[in-house]
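Descriptive structure summary
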Amino acid sequence: MPLTQLAPSPAYICPHDRACTYLGQAALALDMDPNILRILEQPRKVVTVSIPVLLDNGEVQVLAGHRVQHCDVLGPYKGGTRYHPAVTLQELSALAMLMTWKCALVGIPYGGAKGGIAIDPRLYSVRELERITRRYTSELIKDIGPAIDIPAPDIGTSSQEMAWMMDTYSMNVGHAVPGVVTGKPISIGGSKGRAMATGRGVMITVREALAERGQTLSQTRIAIQGFGKVGAAAAALLHEAGAKIIAVSDVSGAFFAENGLDIPALEGYARENKGSLAGFPDAELITNGELLALPCDVLIPAALEDQITEENADQVQAQIVAEAANAPVTLMGDRLLEARGVTVLPDILANAGGVVVSYLEWVQGQSYVFWDEERVNREMEGLMVQAYQRVSELAQNRQIPLRQAAYMLGVGRVAEALGDRGLYP
Ligand SMILES: NC(=O)c1ccc[n+]([C@@H]2O[C@H](COP(=O)([O-])OP(=O)(O)OC[C@H]3O[C@@H](n4cnc5c(N)ncnc54)[C@H](OP(=O)(O)O)[C@@H]3O)[C@@H](O)[C@H]2O)c1
Ligand SMILES: N[C@@H](CCC(=O)O)C(=O)O
């Protein structure tokens, strides 16, 4: 297919087609060999396994577990494991591709992957979740490993699932293999700083974007959708840096305070309330949709995909949208924001702090040396600032959006490596 046929079209709406559209744009701008493009459009391996799980009531439920491995040209596949009812192979395929560009953009030697199971983890007991995770890991035993594919947390999973995965893998091979997952507890080789890493990376990219406009985080008004591992960490660090967090949300709704929320109070409330913000008293309850349209300087979607679309992009009042979530803006939403002059900090840049510290965790584990948190944060900040500056410089030189610049850098690095390794082994 000629490259010109891959120009963006509103018909490309599903997550995988959207990812391919951005890839196609980058390929055109890079004048990339069409054979390389054909290879990069498809995942290299898609694994679906059957997971029979014994429920606490004695019934057996059979779940489908997936792992999509997009590209391992630069190193082992890398990416999160998602437990969420909306998980589909097509979604994982798009998210795996994003991981490839993300790792390449920040210059870490990984490819891209994503795995998941279409369940709502809140409907299962801890023991059921353990059985699901262990069986999922056993079924994937030949497809994961420190030199093959290294899972990490994503929506609905945490350091606990990573500990079960590490233990199951280790039992299968007969010795402890901490490097098979990242985002694991510190007691079994996790890294200091990993829990806050994605939120810290978001804070750093927002800070850099503001600095380019001659602004600082202090008193900047920020709305954050999602108060999970990423959203809550971003809120805490931005609040600490002096920003005014005027709204945060979870599935129960959004919580707004014109003069700024008390983020430590929200964190404490969520901790006491099984992670939920439902019923938080010291804020006005609004909807997640209303949060996206609040007058603010920076909007941070940190929950699910497809939150800013052609339906609501016109209502966004922020001047900067920082994609803490993966793919929170649809293709048409992105075009509308761009047309209105809103700066979008793309997911593969803005949320890369998590995988950067995953890499640092893996490096520490491989070398049996563990760093203090200050060192981890410093190393991560160096890679994030460097990536931001390269993306911003290319965007300014070419007069293109930051997303296109980020894709050109990420895709370009992978394409170069693919060409150097040889296309037709
Ligand atoms: N974890 C990482 O290291 C990492 C790194 C890079 C990117 N990301 C991306 O960041 C995003 C969030 O991941 P996470 O790890 O923070 O997941 P998480 O810990 O499971 O948190 C997800 C958050 O989103 C909220 N949410 C879910 N559905 C929602 C809805 N319909 N409307 C509003 N809020 C909703 C959840 O609320 P409830 O708690 O009430 O369900 C929760 O606050 C994902 O796109 C993920 O791929 C994660
Ligand atoms: N799930 C996260 C983290 C991946 C990792 O650390 O491997 C992401 O989307 O970037």
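Residues numbered from 1 in each chain as written. Chains lettered and ligands numbered in written order. Predicted model: local features only at pLDDT ≥ 70, side-chain atom pairs only at ≥ 80, totals over all residues. Heavy atoms only, no water.

An unreviewed UniProt entry lists the chain under the name Glutamate dehydrogenase, with Oscillatoria acuminata PCC 6304 as the source organism. UniProt annotates the chain under Sequence similarities (unreviewed entry) with the comment "Belongs to the Glu/Leu/Phe/Val dehydrogenases family." (UniProt positions renumbered as here; feature names shortened; annotations may be inferred.)

1. Let's talk about the site of ligand 1
Neighbouring residues of ligand 1: 22 residues in total, closest Asp 154, Lys 229, Val 230, Val 251 and Asn 326. Arg 82 places a side-chain nitrogen or oxygen 3.0 Å from an oxygen atom of ligand 1. For ligand 1, an oxygen atom lies 2.9 Å from a polar atom in the backbone of Val 230. Relative to its free-state accessible area of 900 Å², ligand 1 is covered by the protein chains to the extent of 86%. Of the residues belonging to the shell around ligand 1, the class tally is nine nonpolar, seven polar and six charged. (Near = heavy atom within 4 Å. Polar contact = N/O pair within 3.5 Å; in protein donor to acceptor, adjacent residues only side chain to side chain. Areas by Shrake-Rupley, 256 points an atom, 1.4 Å probe, with all protein chains shown as cover. Nonpolar A, V, L, I, M, F, W, Y, C, P; charged D, E, K, R; others polar.)

2. Re the packing of helix α1 (residues 15-30) against helix α14 (residues 402-421)
Remark: α1 packs on α14, axes separated minimally by 9 Å, with the N-to-C direction vectors making an angle of 75 degrees. Comparing their axes, α14 and α1 come out roughly perpendicular. Mapping the contact onto sequence places Ala 19, Tyr 22, Leu 23, Gln 25, Ala 26, Ala 29 and Leu 30 in α1 and Arg 403, Gln 404, Tyr 407, Met 408, Val 411 and Gly 412 in α14. When the residues that make up the contact of α1 with α14 are grouped by side-chain class, the tally is nine nonpolar, three polar and one charged. (Axes fitted to C-alpha atoms, helices over the stretch in contact; angles between N-to-C directions. Helix = DSSP H or I, 4+ residues; strand = E, 2+ residues; numbered from the N terminus. Parallel < 35°, antiparallel > 145°, perpendicular 65-115°, else oblique. Contact = heavy atoms within 4.5 Å.)

3. Regarding the packing of aromatic side chains
Applying the stated criterion across every chain yields a total of six aromatic pairs. With a centroid separation of 6.3 Å and an interplanar angle of 85 degrees, the aromatic rings of Phe 255 and Phe 280 are classed as edge-to-face. Of the two residues, Phe 255 is situated in strand β8 (residues 253-256) and Phe 280 in the loop between α8 (263-272) and β9 (284-286); the sequence distance between them amounts to 25 residues. Accessibility expressed as a relative area gives 7% for Phe 280, which makes it buried. Ring plane angle 35 degrees and centroid distance 6.2 Å describe the contact between Tyr 359 and Trp 362, whose orientation is recorded as tilted. One end of the pair, Tyr 359, and the other, Trp 362, are both in helix α12 (residues 353-367), three residues apart, so they sit about a helical turn from each other. (Phe/Tyr/Trp six-rings, centres within 6.5 Å; stacked < 30°, edge-to-face > 60°. Buried < 20%, exposed > 50% of the residue type's maximum accessible area, 1.4 Å probe, protein only.)

4. Quick word on the pairing of strand β3 (residues 77-83)
With seven of seven residues buried, β3 is to be regarded as a mostly interior element. Note that β3 and strand β4 (residues 112-117) share three bridges and pair parallel. The partner of Tyr 83 across the bridge, within β4, is Ile 117. Where the polypeptide runs from β3 across helix α3 (residues 89-106) and back to β4, its parallel neighbour, the crossover connection is right-handed. (Pairing = 2+ DSSP bridges. Right-handed = clockwise from strand over helix to strand, strands pointing away.)

5. Examining the site of ligand 2
Surrounding ligand 2, one finds 14 residues, the nearest of these being Lys 78, Lys 102, Lys 114, Asp 154 and Ser 358. In isolation ligand 2 has 300 Å² of accessible area, and contact with the protein removes 94% of it. Looking at the shell around ligand 2, the elements with two or more residues in it are β3, α3, β5 (149-153) and α12. Taken together, the residues that form the shell around ligand 2 break down as four nonpolar, five polar and five charged.

6. Section: the UniProt feature "site: Important for catalysis" (unreviewed entry) in the chain
Mapped onto this numbering, the UniProt entry annotates "site: Important for catalysis" (unreviewed entry) at Asp 154. Positionally, Asp 154 belongs in the loop between β5 and α5 (159-173). With relative accessibility at 13%, the residue Asp 154 sits in the buried group. Beyond its immediate chain neighbours, meaning those up to four positions away, Asp 154 contacts Gly 80, Thr 81, Arg 82, Lys 114, Lys 229 and Asn 326. At a separation of 3.0 Å, a polar atom in the side chain of Asp 154 contacts the side chain of Lys 114.

7. Points about unusual backbone geometry
One non-glycine residue, Ala 327, lies in positive phi territory at about 55 degrees. Positive phi, normally seen in glycine, also occurs at Gln 399, with a value near 55 degrees. Along the chain, Gln 399 falls in the loop between α13 (373-398) and α14.

8. Some remarks on the UniProt feature "binding site: NAD(+)" (unreviewed entry) in the chain
UniProt annotation of "binding site: NAD(+)" (unreviewed entry) refers to Thr 198 when read in the numbering used here. With respect to the helices, strands and loops of the structure, Thr 198 is situated in helix α6 (residues 194-212). Overall, Thr 198 belongs to the buried group, its relative accessible area being 12%.

9. A short note on α14
Here α14 contains 20 residues, and its C-alpha end-to-end distance of 29 Å stays within 8% of the 28 Å for a straight helix at 1.5 Å per residue. Phi turns positive one or two residues past the end of α14, at Gly 422, with a value near 105 degrees. (Expected span 1.5 Å × (residues − 1).)

10. Some words on α8
An α-helix turns once every 3.6 residues. As a result, residues three or four positions apart point the same way. Residues of α8 that are buried include every one of Ile 263, Leu 266, Gly 268 and Ala 270, and no others. Contacts made by the buried residues of α8 are with α7 (229-240) and β7 (244-250). Two residues or fewer after α8 comes Lys 274, characterised by a positive phi angle close to 50 degrees.

11. Considerations on the pattern of salt bridges
Applying the stated criterion across every chain, the model contains 23 salt bridges. Glu 381 is paired through a salt bridge with Arg 207; the nearest N and O atoms lie 2.8 Å apart. Here Arg 207 lies in helix α6 and Glu 381 lies in helix α13, a separation of 174 residues in the sequence. Assessed through its relative accessible area of 28%, Glu 381 is described here as partly exposed. For Arg 403, the salt bridge is made with Asp 347, and the minimal N-O distance between the two is 3.9 Å. With Arg 403 in helix α14 and Asp 347 in helix α11 (residues 347-350), the pair connects residues that are 56 residues apart, well separated along the chain. Through salt bridges with shared partners, a single ionic network connects Arg 82, Glu 91, Lys 114, Asp 154 and Glu 305. (Salt bridge = Lys/Arg side-chain N within 4 Å of Asp/Glu carboxyl O.)

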